[in-house]
Every structure is written in structure tokens, then in C-alpha cells.
Amino acid sequence: MIFGGSRIKGGGLVLLVLLLAGVAHAAGSPPALTLPDLFARLAARSHMRARFVETKTLAVLKTPLRLEGTLEFRRPAYLAKHVEQPAPEDYIIDGGSVTVNKPAEGQKIELALADYPALEAFAESLRAPLAGDLAGLSRYWRPSLGGSRKHWLLALAPIRPELVAVVRGVRLEGEDDRLLRMEIEEAGGDHASLRFEPLP
């Protein structure tokens, strides 16, 4: 075989085939997913609705607590968690305010996120990724990305002292531009896992 004006035989031919196969594989492989890529993809969605099942494992409870309901996000900064089971409860974050409504207890509270830094950081661990806001997320968390474009894993480590005191980390898992799972590891050992089923 003549290639580039040189005659290649035996082991040289095998080496050439392997090299060409490697070049072809590299050329056909999609580029690795980066944080800006992922957040640009997430930012393209104007809203998100999903059913969720949340399982909380708490040291004070003998059995895990299970909650079910819906989650809704609308750009630029609206995030609502509507719990249906075991009892109706609403948690609505809109801009810089939080409204907690517990009809069964006759309780409705409105708070300013800025007055509760840890709560604000938790809110941004979910709201900022759904908004595609990497800069906003990075004010509270150090993100690291794994997985692939099809199935990605976003790990968040707290960077502020008041947050380090209450949480070890958060992990988000998704496919393409859809969020499918969220895990929260608290500093005291409590754990929460949320699974999302996208809605139209």
C-alpha cells in the first residue's frame, strides 16, 4: 500500500489503520458538554412544569417522609412547589420574595429572601439552573459537571460559610434540557431526594 508517497507493509499497515480509526472516532464524537453549554441549553426554555415525588430521610423520623405534587418554573424568577400529599402546601418564590401557604394549619407567611441567606442559596440551587443563570448559581455554589450531553450530572458544593454549616452538597441530574432528579445532602446527615416527571 502506498500512502503519502511511502510504501507501508506489515505492522506499519496495522498501525496506520488504528491511527485512522482513532482520527475517525475523534472526528465523529460530539464535543464534551461544558457548563456554559448546559446553561445555554437550559436558558432556552421559558418555563418548566413537572410532577415530583420527594423522599426525605430525617434523623428525627423512623421512616422516610414522602411528598408528592407539582413543580413549576417560569422565567425569569418564578418557582412554585405545590405539595398535594400528604397535605396541601404551597411554596412560591417570585423574584426576591417567598410565600408559604399551609391551608390545613391556617398559615400563610411572606418572607424576603434577602433576610434568609441559606434559604436564598437553596432557592438558587434549583431556580438558577432552570433559568440557565450560571452567574447567579455561582454566587452561592461551586458547580462541577459530569456525564454527557444526553445525561448530565451537576454537583453543587456550597461556598458560603453560612451555607457550609447546613448543607454538604446538592446534585442535579437531567437529560438534554430536562431536569429529572435532585439530591440534597444536609450537614447533619438528613437527605432529600426529588424525582421529576416532566409535564406539558
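For clarity, every value in this text was computed on a predicted model and none was experimentally measured. (Residues numbered from 1 in each chain as written. Predicted model: local features only at pLDDT ≥ 70, side-chain atom pairs only at ≥ 80, totals over all residues. Heavy atoms only, no water.)

Trainee: I'm lost on the nonpolar core in this one. Help?
Mentor: Note that soluble globular proteins tend to have their nonpolar side chains buried in a common cluster. Ranked by internal contacts, the top residues of the largest apolar core, which has 39 residues, are Trp141, Trp152, Val170, Leu172, Met182 and Phe196. Apart from the residues within four sequence positions on either side, Leu172 is in contact with Ser125, Pro129, Trp152, Leu153, Leu154, Leu156, Leu179, Arg181 and Met182. (Core = buried A, V, L, I, M, F, W, Y, C linked by side-chain atoms within 4.5 Å. Buried < 20%, exposed > 50% of the residue type's maximum accessible area, 1.4 Å probe, protein only. Contact = heavy atoms within 4.5 Å.)

Trainee: How should a nonpolar patch on the surface be read in this particular structure?
Mentor: There is a patch of nonpolar side chains on the surface, built from Val60, Leu61 and Leu65 and spanning about 270 Å² of accessible area. Among the secondary structure elements, Val60 is positioned in the loop between strand E3 (47-57) and strand E4 (65-74). (Patch = residues over 30% accessible without salt bridge, like charges linked within 9 Å, V, L, I, M, F, W, Y side chains within 5 Å. Areas by Shrake-Rupley, 256 points an atom, 1.4 Å probe, with all protein chains shown as cover. Salt bridge = Lys/Arg side-chain N within 4 Å of Asp/Glu carboxyl O. Helix = DSSP H or I, 4+ residues; strand = E, 2+ residues; numbered from the N terminus.)

Trainee: It is not clear to me how unusual backbone geometry should be interpreted in this structure. Could you clarify?
Mentor: Outside of glycine, negative phi angles account for most residues, and trans bonds account for most peptide bonds. In this model, Arg75 is joined to Pro76 through a cis peptide bond whose omega is 5°. Inspection of the secondary structure assignment puts Pro76 in the loop between E4 and strand E5 (78-85). Following Gln85, the chain continues to Pro86 via a peptide bond in cis, the omega torsion being 5°. Among the secondary structure elements, Pro86 is positioned in the loop between E5 and strand E6 (89-94). A positive phi angle is found at Asp176, which is not glycine, with a value near 55°.

These figures capture arrangement, not role.
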